[in-house]
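Summary of the model geometry
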Amino acid sequence: MRNTGSIEVRKLHPLFGAEISGIDITRPLSAREFGPIRAAFEEHSVLLFRDQPMDDEKQIAFSENFGPLETTLSANPAAGTKFARQSNLDILTGEPIPPDDMRMIYQKANYFWHSDSSFKCIPSLCSVLTARICPPEGGNTEFLCMRAAWDALPPALQATIHPLVAEHALAHSRDRVQKGILSAKSLSELPPVKQRLFRDNPINGRRALYIGAHAGHIVDWPEPIGKAILWELAQRAEQPEFMLSHAWREGDVIVWDNRAVLHRATYYDATKHKRLMQRTTIGGDAPTVPQ
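This structure is a prediction, so every number in the text was calculated from the model and none was measured. (Residues numbered from 1 in each chain as written. Predicted model: local features only at pLDDT ≥ 70, side-chain atom pairs only at ≥ 80, totals over all residues. Heavy atoms only, no water.)

**Thoughts on the overall build of the protein chain**
Helices and strands together make up the secondary structure of the protein chain, namely eight helices and 15 strands. Against the globule reference of 19 Å for 291 residues, the protein chain gives a C-alpha radius of gyration of 19 Å, in line with a compact fold. C-alpha extents for the protein chain along the principal axes are approximately 55 × 45 × 30 Å. Within the protein chain, the proportion of its 291 residues that are buried is 53%. Taking all contacts inside the protein chain whose residues are at least 6 apart in sequence as the whole, residues at least 24 apart take part in 79%. Carbon and sulfur atoms make up 55% of the accessible area of the protein chain, which totals about 13300 Å². Distance between charge centroids for the protein chain: 1 Å, based on 33 positive and 34 negative side chains. (Helix = DSSP H or I, 4+ residues; strand = E, 2+ residues; numbered from the N terminus. Rg over C-alpha atoms; globule rule 2.2 N^0.38 Å. Buried < 20%, exposed > 50% of the residue type's maximum accessible area, 1.4 Å probe, protein only. Contact = heavy atoms within 4.5 Å. Areas by Shrake-Rupley, 256 points an atom, 1.4 Å probe, with all protein chains shown as cover. Lys, Arg positive; Asp, Glu negative; His and termini not counted. Charge placed at Lys NZ, Arg CZ, Asp CG, Glu CD.)

This is the structure in structure tokens:
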């Protein structure tokens, strides 16, 4: 496919999400070609591209249109690369990983709603996930529109949480799976950070609730009360009308805005089926609050 003409944008959900067609993102993109994609990203938060067979080099080239990529830290099997590997296949042998292996237990935290890299001082802009090997059933990725979640909050609750700051850490989400699952090296690489409870889109001004499984408690509040606030906000956000579920097929590429949506993985039978997804994460440009 030659990248000529305009892209087509088809909405996937009344609130957010769009399928983009009419362009081959496995080829290098000019600024003129990428401009409408970036505009659609700012507007729709989640972009789906079908039939875009990616290898690692092509994925990195496409992802870099959004900005500099994060380097994966030691907690992921692809540590030291630009990829966060989501798979039940051993990175060296290609064989299935036993279900009781710590690498599979660790991935169970992906079943919780979260925003990628909210546990970093400068949280990420967006993520790009490509489907290399898909199970025949299960393994969807689901998204929550956190702009809609913010807009649905009562004004008094919006005012209450506006000045609040939450502590985010990878340990908060991983400890929900198994206490102490992170190594000392991982903990030292990723000390807790502070994030405010909303993020604003600098282009269109849309505000999104900013929480998720990496958020542990509210800074300077009694921990039980802070956890209760985060739990209430999560319950208010997790509404069926705010949710989009995507059933993957090989060659799919999804870009999502970590400022505006939460996402989670869903179950598939990892003892029967192979799955390989490669994620690149594009870094943000500033902290949400002073650290």
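From this point, the narrative continues.
**Description of the sheet that holds strand β12 (residues 243–246)**
Read from one edge to the other, the open sheet built from three strands follows the order β12-β6-β14, with strand pairing classed as antiparallel. Each edge of the open sheet is held by one strand with a lone partner, namely β12 and β14 (261–265). Within the sheet, the average angular offset between the axes of one strand and its neighbour, ignoring direction, is 20 degrees. As paired elements, strand β6 (residues 141–145) and β14 share five bridges and run antiparallel to each other. Counted as the bridge partner of threonine 141 is alanine 265 from β14. (Pairing = 2+ DSSP bridges. Axes fitted to C-alpha atoms, helices over the stretch in contact; angles between N-to-C directions.)

**Structural notes on the packing of aromatic side chains**
Summed over all chains, the structure comprises six aromatic pairs. Ring centres of tryptophan 150 and phenylalanine 198 lie 5.7 Å apart, and the angle between their planes is 50 degrees; this geometry places the pair in the tilted category. Of this pair, tryptophan 150 sits in helix α4 (residues 146–152) while phenylalanine 198 sits in strand β9 (residues 198–200), and the two are 48 residues apart along the sequence. Through pairs of rings, three or more aromatic residues link up here, namely Phe34, Phe41, Phe49, Phe62 and Phe66. Here the guanidinium or amino end of arginine 176 rests over the ring plane of phenylalanine 112, the centre of that ring lying 3.9 Å away. Of note, arginine 199 hangs over the ring of tyrosine 210, and the distance from its end group to the ring centre comes to 5.0 Å. (Phe/Tyr/Trp six-rings, centres within 6.5 Å; stacked < 30°, edge-to-face > 60°. Lys NZ or Arg CZ within 6 Å of the ring centre and 35° of its normal.)

**Here's the deal with empty space enclosed by the protein**
All chains considered together, the criterion is met by two cavities of 30 Å³ or more. Put simply, the largest cavity is a space of about 50 Å³. Surrounding the largest cavity, Pro77, Arg85, Gln86, Ser87, Leu89, Asp90, Ile91, Ile97, Arg103 and Gln107 form its lining. Every element with two or more residues in the lining of the largest cavity is listed here: β4 (84–87) and α3 (102–107). A total of three residues in the lining of the largest cavity trace back to one element, the largest contributor, which is β4. (1 Å grid on protein atoms, 1.4 Å probe; cavity = no way out; pocket = protein on both sides within 12 Å on 5 of 7 lines; lining within 4 Å. Points joined across faces, edges and corners; volume = space filled by probe spheres on them.)

**Here we look at the side chain of threonine 266**
Note that threonine 266 resides in the loop between β14 and β15 (276–282). On the accessibility criterion, threonine 266 (19% relative accessible area) is buried. A distance of 2.7 Å separates a polar side-chain atom of threonine 266 from the backbone nitrogen of asparagine 140. Those residues in contact with threonine 266 that lie beyond four places of it in its chain are Tyr111, Gly139, Asn140 and Glu142. (Polar contact = N/O pair within 3.5 Å; in protein donor to acceptor, adjacent residues only side chain to side chain.)

**A few points about the side chain of serine 115**
Locating serine 115 in the fold gives a position in the loop between α3 and β5 (126–133). A relative accessible area of 1% places serine 115 in the buried class. Only 2.8 Å separates the side chain of serine 115 from the backbone oxygen of asparagine 258, close enough to count as a polar contact. Setting aside residues up to four positions removed in sequence, serine 115 forms contacts with Tyr210, His214, Asn258, Val261 and Leu262.

**A look at the nonpolar core**
In terms of nonpolar packing, the biggest core is built from 39 residues, with Val46, Met146, Ile161, Leu197, Leu209, Ile211 and Leu233 touching the most fellow members. Setting aside its immediate chain neighbours within four residues, leucine 233 contacts Leu153, Leu157, Ile161, Leu197, Leu209 and Ile211. In terms of nonpolar packing, the next biggest core, distinct from the first, is built from 22 residues, Ile23, Ala40, Met54 and Val253 among them. (Core = buried A, V, L, I, M, F, W, Y, C linked by side-chain atoms within 4.5 Å.)

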